[in-house]
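# A look at the structure
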Amino acid sequence: MGARRRRPGRAPDRGPRGAMSAGAGGAAVWVLLPAYHEEGNLPPLLLDLREAFARWPGAPAWRVVVVDDGSRDATAAAARSVPGVPLTLLVHEANRGLGAAMKTGIEHVLAAGDDDDLLVSMDADHTHPPELIPAMVERARAGADIVIASRYRPGAEVVGLVAWRRWLSNAASGVFRLLFPCARDYTCGYRCYRLGLLRWGETRYGRDFLNQAGFSVMVDILLKLRRKARRIDEVPLVLRYDRKRGASKMKVMKTIGTTLRLVGRRFVGNPRGP
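A brief report on the enclosed structure follows. (Residues numbered from 1 in each chain as written. Predicted model: local features only at pLDDT ≥ 70, side-chain atom pairs only at ≥ 80, totals over all residues. Heavy atoms only, no water.)

## Some remarks on the packing of helix H4 (residues 98-112) against helix H8 (residues 217-225)
Here is the rule: Inter-axis angles, ranging from 0 to 180 degrees, are taken between N-to-C directions of lines fitted to C-alpha atoms, where helices are fitted over the stretch in contact. Strands here mean DSSP runs of E at least two residues long; helices mean DSSP runs of H or I at least four residues long; both are numbered from the N terminus. For classification purposes, angles smaller than 35 degrees are called roughly parallel, those larger than 145 roughly antiparallel, those between 65 and 115 roughly perpendicular, and all remaining angles oblique. Contacts are assigned to residue pairs with any non-hydrogen atoms lying within 4.5 Å of each other. As a working rule, the residues Ala, Val, Leu, Ile, Met, Phe, Trp, Tyr, Cys and Pro are called nonpolar, Asp, Glu, Lys and Arg charged, and the rest polar, with Gly in that last group.
Direction vectors running N to C along H4 and H8 enclose 50 degrees, while the axes themselves pass 9 Å from each other. Considered as vectors, H4 and H8 are oriented oblique to each other. Mapping the contact onto sequence places Leu98, Gly99, Met102 and Ile106 in H4 and Val217, Met218 and Ile221 in H8. When grouped by side-chain class, the residues that make up the contact of H4 with H8 number 6 nonpolar, 1 polar and no charged.

The structure is reproduced here in structure tokens:
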């Protein structure tokens, strides 16, 4: 995975080539934001991202990829509203779910990026602090192929989440650690991946690599990549639900059912279906 390789057949969407290749901090960082009805959350998140990279000594070249998943509000306009943010906006005409938005974004970055580049996925609702990105990238530079912003490491904190949702997350973490021991936080969408590992997953699983429609996509990506990853690291996350505007998009009972079916399939080594 050390070789710098790009998939043929599509020109890089990097603006001028130097904008993504000559960063003082080495390999470029792509920030993927799947977004659905996030017009109120995207501007403050993009402002925080801009500030985080501006304050980062020797920051790498970076680009934000927003996937507007069929929003009926002004999400697309909000994504374009913050100056100074290198942005690619991809639009689904209809809402297709988090899994489809992740698939669109990952495939776009794989077509444009190099194996040593890093993809940081974040929720677009402003609950994930961008100032954690330098620490995640540092772990990747030290050899980790996946770095997870984890709610289950010393120093982590969850602000503004109701108690029953916190209990549910803790229970899920325990089950995943028992069946697939590779991390502590299996469901958080705030992660840093080396593109070479994601490209391996695309090659290894083909159409089955990103085949989850909903929130279970985050679990599935980790389960499929865990054996190939040289190392999976975690950094403590301060999760800020108190900054989020609007209701949660997650349908909890549907997500639980889909995830349980997913765990059963992956436990027996079946990469297909939910």
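Here the narrative resumes, following the displayed structure.
## Description of the side chain of Asp145
Quick reminder of the rule: Polar contact criterion, stated in full: a pair of N or O atoms within 3.5 Å, where within protein one must be able to donate a hydrogen and the other to accept it, and residues adjacent in sequence count only if both atoms are side-chain atoms.
Its place among the elements puts Asp145 in the loop between helix H5 (133-141) and strand S5 (146-150). Here the side chain of Asp145 touches Arg230 through a polar contact of 2.8 Å, side chain to side chain.

## Notes on the sheet that holds strand S8 (residues 232-236)
Rule in force here: Note on pairing: DSSP must find at least two bridges between two strands before they are called paired.
Spatially, S3-S2-S1-S4-S7-S5-S8 is the arrangement adopted by the 7 strands of the open sheet, whose pairing is mixed. Two strands bound the open sheet, and with one partner strand each, they are strand S3 (87-92) and S8. Strand-to-strand twist across the sheet, computed as the mean angle between neighbouring axes with direction ignored, equals 20 degrees. Two strands pair when backbone bridges link them, and strand S2 (residues 62-69) and S3 are joined in this way by 6 bridges, in the parallel orientation. Residue Val65 lies in a different strand from S3, and its bridge partner there is Thr88. Its contacts with the sheet place helix H2 (residues 42-55) against strand S1 (29-35) and S2, and it is angled at close to 170 degrees to S1. Here helix H7 (residues 195-205) sits on the sheet and contacts strand S4 (118-121), S5 and strand S7 (191-194); the angle it forms with S7, its principal contact strand, is near 75 degrees.

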